[in-house]
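Observations on the model geometry
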Amino acid sequence: SMVTFLTLFAVVDFVGNVDTFMKAGMAKGLLYVLYRLPLYSVRVMPIAMLVSAMITMSSFSSTSELTVVKALGTSVHRFSAPVLLLSVLTALLSVCVQEFFLPSSIRSAREIIYTAQKKKKKQFFATPEELWFKMEPGKFVRMETFSPETGTAGRVTIIALAGDFKPKVRLDARKAVNVKGSLWKLLHCYRRQAGKPAVFSNSLTLDLGVDKKDLRFSSFDPEASSILNLYFKSKQFSKVGYDVRALLVEMYSRLALSLMPVVVTVIGVPLGIFNPRNRRGFTVLVATVLVV
């Protein structure tokens, strides 16, 4: 089941990004799929565990072996204990994969996608609440909030520094919208220069040197962190007043995903035993409905 579903996930993901791989080379595409295997495996483990548990128990039921076992005085609970133990080991394996392999593999896969789309890469500094990057030598951009889907940023600040690294010009905007490419439209702007009064502009279009795709690959991403790292970062950021709900949601969803093999096994074992038509196709149908 693992091999089947992993192959399905890999093929779908490869086909979905084949245009990008044509630019970067098929070798990079295969490497991208390889880096994504830890992510596929974590998502596939509950599905594979459900299908395999149901089909295994259905086989015992359809050949009347389960009836013989019960006649010998062994309960269904005791008989299915090895399957439940396997699900617990699968859950522990899921935690280990997410903790030790998933973060680095996700970063490596995204690096391949990024280099396939852009030749030059900017350096970014991101926290859960803000994003910093160098617009050009001596100019820095800060975005307090950023939405990769809409390409909009809130509370944008652009600081130009003099040769002695002192602020020379500062531009503050309430909102910025990615118009096309690296062009951004800044709304409700105040331009401040040392020794001069502030100048207000209702809208201003500037070339920041990046587009929303660049920022999407560089903004703070809890998915590329381990479970322990998410826990410690949530503690650290909460002390300084950041909203850490996104980190907590990601951390708890990781733990919930790791426990899913055990949950689906508890559900799948009795459904696998219950086979009124005594046919394996009935079990496969029920398992497919549950997977969907």
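So, here's what we can say about the structure. Quick caveat, the model's predicted, so the values are computed rather than measured. (Residues numbered from 1 in each chain as written. Predicted model: local features only at pLDDT ≥ 70, side-chain atom pairs only at ≥ 80, totals over all residues. Heavy atoms only, no water.)

So, the overall build of the protein
The following threshold applies: Helical segments are the DSSP runs of H or I of at least four residues, strand segments are the runs of E of at least two, and each set is numbered from the N terminus. We compute the radius of gyration from the C-alpha atoms alone; for a globule the expected value is 2.2 Å times N to the 0.38, where N is the number of residues. Type-normalised accessible area, obtained with a 1.4 Å probe on protein chains alone, sets the label of each residue: buried when under 20%, exposed when over 50%, and partly exposed for intermediate values. Residues count as neighbours in contact if any of their non-hydrogen atoms are within 4.5 Å of one another. Here the open area of atoms and residues is found with the Shrake-Rupley method and a 1.4 Å probe, where only the protein chains shown may cover a residue. By the counting rule applied here, Lys and Arg register as positive and Asp and Glu as negative, while His and the ends of each chain are not counted. For the purpose of locating charges, the reference atoms are NZ of Lys, CZ of Arg, CG of Asp and CD of Glu.
Secondary structure summary: the protein contains 10 helices and 7 strands in total. Rg of the C-alpha trace for the protein: 26 Å, well past the compact-globule value of 19 Å for 292 residues, more than 25% over. Each of the 292 residues in the protein was classed as buried or not, and the buried ones make up 36%. For the protein, long-range pairs separated by at least 24 residues make up 54% of all intrachain contacts whose partners lie at least 6 apart in sequence. Summed over its atoms, the accessible surface of the protein is roughly 17,100 Å², and 63% of this surface lies on carbon and sulfur atoms. Across the protein, the mean location of the 38 positive side-chain charges is 2 Å away from that of the 19 negative side-chain charges.

Quick look at helix H1 (residues 2–16)
Applied cut-off: To estimate the expected span of a helix, subtract one from its residue number and multiply by 1.5 Å. What the arc covers is the set of directions going from the helix axis to the C-beta atoms.
A rise of 1.5 Å per residue sets the reference length of H1, with its 15 residues, at 21 Å; its end C-alpha atoms lie 21 Å apart and thus fit the reference within 8%. Taken residue by residue, H1 has Phe5, Leu6, Ala10 and Asp13 as its buried positions. The buried residues of H1 all sit within an arc of 135° when viewed along its axis, so they share a single face. Opposite its buried face, H1 presents the exposed residues Val3, Thr4, Val12 and Val15, each directed more than 90 degrees away. Check the buried side of H1 and you find it contacts helix H3 (26–62).

Some remarks on the packing of aromatic side chains
Filter applied, for reference: In this analysis, rings of Phe, Tyr and Trp, with Trp reduced to its six-membered ring, are considered paired at centre separations within 6.5 Å, and the interplanar angle assigns stacked below 30 degrees, edge-to-face beyond 60, and tilted for intermediate values.
The tally for this structure, following the rule as stated, stands at 7 aromatic pairs. When the ring of Phe60 is compared with that of Phe79, the centres are 5.0 Å apart and the planes differ by 85°; the resulting orientation is edge-to-face. Taken together, the positions of Phe60 in helix H3 and Phe79 in helix H5 (residues 76–79) put the pair 19 residues apart, joining distant regions of the chain. Its relative accessible area of 21% is what places Phe79 among the partly exposed residues.

With respect to the nonpolar core
Quick reminder of the rule: Only buried residues count toward a nonpolar core, which is a set of Ala, Val, Leu, Ile, Met, Phe, Trp, Tyr and Cys residues joined through side-chain atoms within 4.5 Å.
Residues Tyr32 and Val83 are the most contacted members of the largest nonpolar core, which totals 25 residues. Of all the secondary structure elements, the ones that give two or more residues to this core are H1, H3, helix H6 (81–117) and helix H9 (245–273). Setting aside its immediate chain neighbours within four residues, Tyr32 contacts Asp13, Asn17, Phe21, Ala109, Ile112 and Ile113. In terms of nonpolar packing, the next biggest core, distinct from the first, is built from 18 residues, Val156, Ile158, Ala173 and Cys189 among them.

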